[in-house]
Amino acid sequence: MRKDKKQVIGEEISDDSIKLFLTVEPADATPPSLHKLVKAYRGLRVDDFERFVGFFVAAGHDLSAVDAQGNDFVALIQDQRNAEPYIDVIKAARG
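Below you will find a few notes about this structure. Note that the coordinates shown come from a computational prediction; the quantities given were computed from them, not determined experimentally.

What follows deals with the packing of aromatic side chains. Tallied over the entire structure, the rule returns seven aromatic pairs. Consider the rings of Y41 and Y86, whose centres lie 4.8 Å apart with planes at 90°: the pair is edge-to-face. Highlighted residues: Y41 in helix α2 (residues 32–43) and Y86 in helix α5 (residues 84–94), separated in sequence by 45 residues. Given the relative accessible area of 11%, Y41 is considered buried. One aromatic cluster is present, built from ring pairs that chain together F21, Y41, F49, F52, F56, F73 and Y86. The ring of F55 has K19 sitting right over it, with the charged end atom 4.8 Å from the ring centre.

Below is the structure:
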């Protein structure tokens, strides 16, 4: 990190900033809903990801979207070290 940049930890993210993850589109054949979930997972803390999922569902996106290999969001991230709380959010949203 550059010396003139201050690291910000724990700052509240606005709803509008979280909703920006709804606008990202894939550059390949990945289903848009799956792409949005992965990008939000990579860019948001779990509490913010939970808020994102609410906006995601309200916008009519698919929590069960799968890629060409048949992998859904949970399958794509389940082997990652910090994935469990994000998976719990998705499972709760699916009902």
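Here the focus is the environment of P32. Considering the arrangement of structural elements, one finds P32 in helix α2. Overall, the relative accessible area of 39% leaves P32 in the partly exposed class. Linking P32 and A65, residues 33 residues apart in sequence, is a C-alpha distance of 8.5 Å. Residue contacts for P32: discarding those within four places in its chain leaves E25 and P26.

Let us look at the packing of α2 against helix α3 (residues 46–58). It is at 10 Å that the axes of α2 and α3 come closest, and there the two elements cross at 160°. Judged by the angle between their axes, α2 and α3 are roughly antiparallel. For the element pair α2 and α3, the recorded crossing hand is right-handed. Where α2 abuts α3, its residues S33, K36, L37, A40 and Y41 lie against F49, F52 and F56. Broken down by class, the residue content of the contact of α2 with α3 amounts to six nonpolar, one polar and one charged.

So, on to the pattern of salt bridges. Here the structure, examined in full by the defined rule, presents six salt bridges. We note a salt bridge from R51 to D15, for which the minimum N-O separation is 2.5 Å. Linking R51 in helix α3 with D15 in helix α1 (residues 15–19), this pair joins segments that are 36 residues apart in sequence. Classification of R51 by relative accessible area gives partly exposed; the value is 23%. As a salt-bridge pair, R51 and D48 come within 3.1 Å of each other at their nearest N and O atoms. Remark: D48 and R51 occur in helix α3; sequence separation between them is three residues, near one turn of the helix. Residue D48 is classed as buried on the basis of its relative accessible area, which comes to 4%.

Conventions and cut-offs
- Residues numbered from 1 in each chain as written.
- Predicted model: local features only at pLDDT ≥ 70, side-chain atom pairs only at ≥ 80, totals over all residues.
- Heavy atoms only, no water.
- Phe/Tyr/Trp six-rings, centres within 6.5 Å; stacked < 30°, edge-to-face > 60°.
- Helix = DSSP H or I, 4+ residues; strand = E, 2+ residues; numbered from the N terminus.
- Buried < 20%, exposed > 50% of the residue type's maximum accessible area, 1.4 Å probe, protein only.
- Lys NZ or Arg CZ within 6 Å of the ring centre and 35° of its normal.
- Contact = heavy atoms within 4.5 Å.
- Axes fitted to C-alpha atoms, helices over the stretch in contact; angles between N-to-C directions.
- Parallel < 35°, antiparallel > 145°, perpendicular 65-115°, else oblique.
- Left-handed = near helix turned anticlockwise from the far one by under 90°.
- Nonpolar A, V, L, I, M, F, W, Y, C, P; charged D, E, K, R; others polar.
- Salt bridge = Lys/Arg side-chain N within 4 Å of Asp/Glu carboxyl O.

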